[in-house]
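Coordinate inspection notes
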Amino acid sequence: MSFEAQYMNILVFLDSFNPENIIQYGGLTLLLIIIFAETGVFFGFFLPGDSLLFIAGLLSDTEYLDTNIALLITLLIIAAVSGSMVGYLTGRWAGVYLANKKDSLFFKKKYLDLTQAFYQKHGMMAFILGRFLPVVRTFVTILAGMVKIDFPKFLIFNFLGASIWILTMVLSGHFLGQAFPQITTYLEIIVVGMILVSAIPVVITWLKNRNLLAKD
């Protein structure tokens with residue numbers, strides 16, 4: 001296969017994870033599946049959680065996503081909480097395996113290290129604050145199972161974190177779409193902006209942890 005063909009295949013693969021394409025072609029079902037996977041299945045960390053929720057709110061009650069905003073939020077919270085439960089159980093049952101698992105395309109030990117440092121700094125609030133951090137929101141629930149955090153306490157903070165995250169991202173997009181109906185014309189620019197903004201906290205956290213490790 002030529003370089004040009006490989007390059008085009010990569011572009012097609014990446015474009016399939018574009019939030020706009022996910023919603024327009026996969027609809028509500030694919031939206032819920034991705035939020036479920038991104039919030040607790042360890043290989044779902046690369047999925048576009050923040051930008052996907054924002055665009056879902058922006059496109060709700062339109063021809064692209066003909067779902068009432070209240071129903072949409074309810075279903076998304078259920079998906080996020082359910083995904084986190086899977087993450088907790090995965091960590092509980094496969095903690096030793098994950099701790100010793102070699103790095104691969106879909107798993108890197110540094111993701112767990114980053115999440116553990118975040119949890120040690122914020123405690124149970126990590127399950128709320130971490131929802132707004134890509135990678136961390138996927139692995140924080142797995143880490144909770146690995147260290148066997150009290151399950152009832154985990155349930156409470158998990159639900160709070162999922163609800164605040166979903167409400168913030170979806171309603172931000174929804175109200176923006178209501179105020180500026182023509183904004184859907186600029187979806188591609190919005191998606192790129194959302195991805196860049198959501199990546200900033202992760203980069204800052206990673207740099208801080210790297211500096212701390214260097215000092216030690």
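Note that the structure is predicted; figures quoted are calculated from it, not measured.

**A closer look at the environment of Phe 154**
Turning to its location among the elements, Phe 154 is positioned in helix α8 (residues 151-179). Judged by its relative accessible area of 0%, Phe 154 is buried. A C-alpha to C-alpha distance of 8.9 Å links Phe 154 and Tyr 88, two positions 66 residues apart in sequence. Residues within four places of Phe 154 in sequence aside, it is in contact with Ser 84, Met 85, Tyr 88, Met 124, Phe 127, Thr 141, Ala 144 and Ile 149.

**Overview of the pattern of salt bridges**
Inspection of the entire model under this criterion finds 2 salt bridges. Here Arg 137 and Glu 38 are joined by a salt bridge, their closest N and O atoms 2.7 Å apart. Of the two residues, Arg 137 is situated in helix α7 (residues 136-146) and Glu 38 in helix α2 (residues 19-38); the sequence distance between them amounts to 99 residues. Accessibility expressed as a relative area gives 0% for Glu 38, which makes it buried. A salt bridge links Asp 50 to Arg 137, with the nearest nitrogen and oxygen atoms 3.3 Å apart.

**Considering the environment of Ser 60**
By the element assignment, Ser 60 lies in the loop between α3 (49-59) and α4 (69-100). Between the C-alpha atoms of Ser 60 and Ile 23, which are 37 residues apart in sequence, the distance is 9.9 Å. Not counting the four nearest positions on each side in its chain, Ser 60 is found in contact with Leu 65, Thr 67, Ile 69, Leu 72 and His 174.

**A short note on the nonpolar core**
Counting 46 residues, the largest nonpolar core has Ile 35, Leu 76 and Ile 166 as the members making the most contacts within it. Listing elements by their share of this core, those giving two or more residues are α2, α3, α4, α5 (109-122), α6 (126-129), α7, α8 and α9 (187-215). Counting residues per element, this core draws most heavily on α4, which supplies 10 residues. Counting residues in hydrophobic clusters, the runner-up holds 8 residues, among them Phe 45, Leu 112, Phe 139 and Ile 142.

**Overview of α4**
At Ala 94, α4 shows its maximal kink, close to 85°. Of the residues that open α4, the one with a side-chain oxygen 2.9 Å from the backbone nitrogen of Ala 70 is Asn 68.

**A few points about the packing of α2 against α3**
What describes two packed helices is the angle between their axes and the distance between those same axes. Where α2 contacts α3, the two axes come as close as 10 Å, and the packing angle between them is 130°. Accordingly, the angle class assigned to the pair α2 and α3 is oblique. Between α2 and α3 lies a crossing of left-handed hand. Together, Pro 19, Ile 22, Ile 23, Leu 31, Ile 34, Ile 35 and Glu 38 of α2 and Gly 49, Ser 51, Leu 52, Leu 53, Ile 55, Ala 56 and Leu 59 of α3 make up the contact between the two elements. Partitioning the contact of α2 with α3 into residue classes produces 11 nonpolar, 2 polar and 1 charged.

Rules and cut-offs
Residues numbered from 1 in each chain as written. Predicted model: local features only at pLDDT ≥ 70, side-chain atom pairs only at ≥ 80, totals over all residues. Heavy atoms only, no water. Helix = DSSP H or I, 4+ residues; strand = E, 2+ residues; numbered from the N terminus. Buried < 20%, exposed > 50% of the residue type's maximum accessible area, 1.4 Å probe, protein only. Contact = heavy atoms within 4.5 Å. Salt bridge = Lys/Arg side-chain N within 4 Å of Asp/Glu carboxyl O. Core = buried A, V, L, I, M, F, W, Y, C linked by side-chain atoms within 4.5 Å. Bend = angle between axes of the 7 residues up to and from the residue. Polar contact = N/O pair within 3.5 Å; in protein donor to acceptor, adjacent residues only side chain to side chain. Axes fitted to C-alpha atoms, helices over the stretch in contact; angles between N-to-C directions. Parallel < 35°, antiparallel > 145°, perpendicular 65-115°, else oblique. Left-handed = near helix turned anticlockwise from the far one by under 90°. Nonpolar A, V, L, I, M, F, W, Y, C, P; charged D, E, K, R; others polar.

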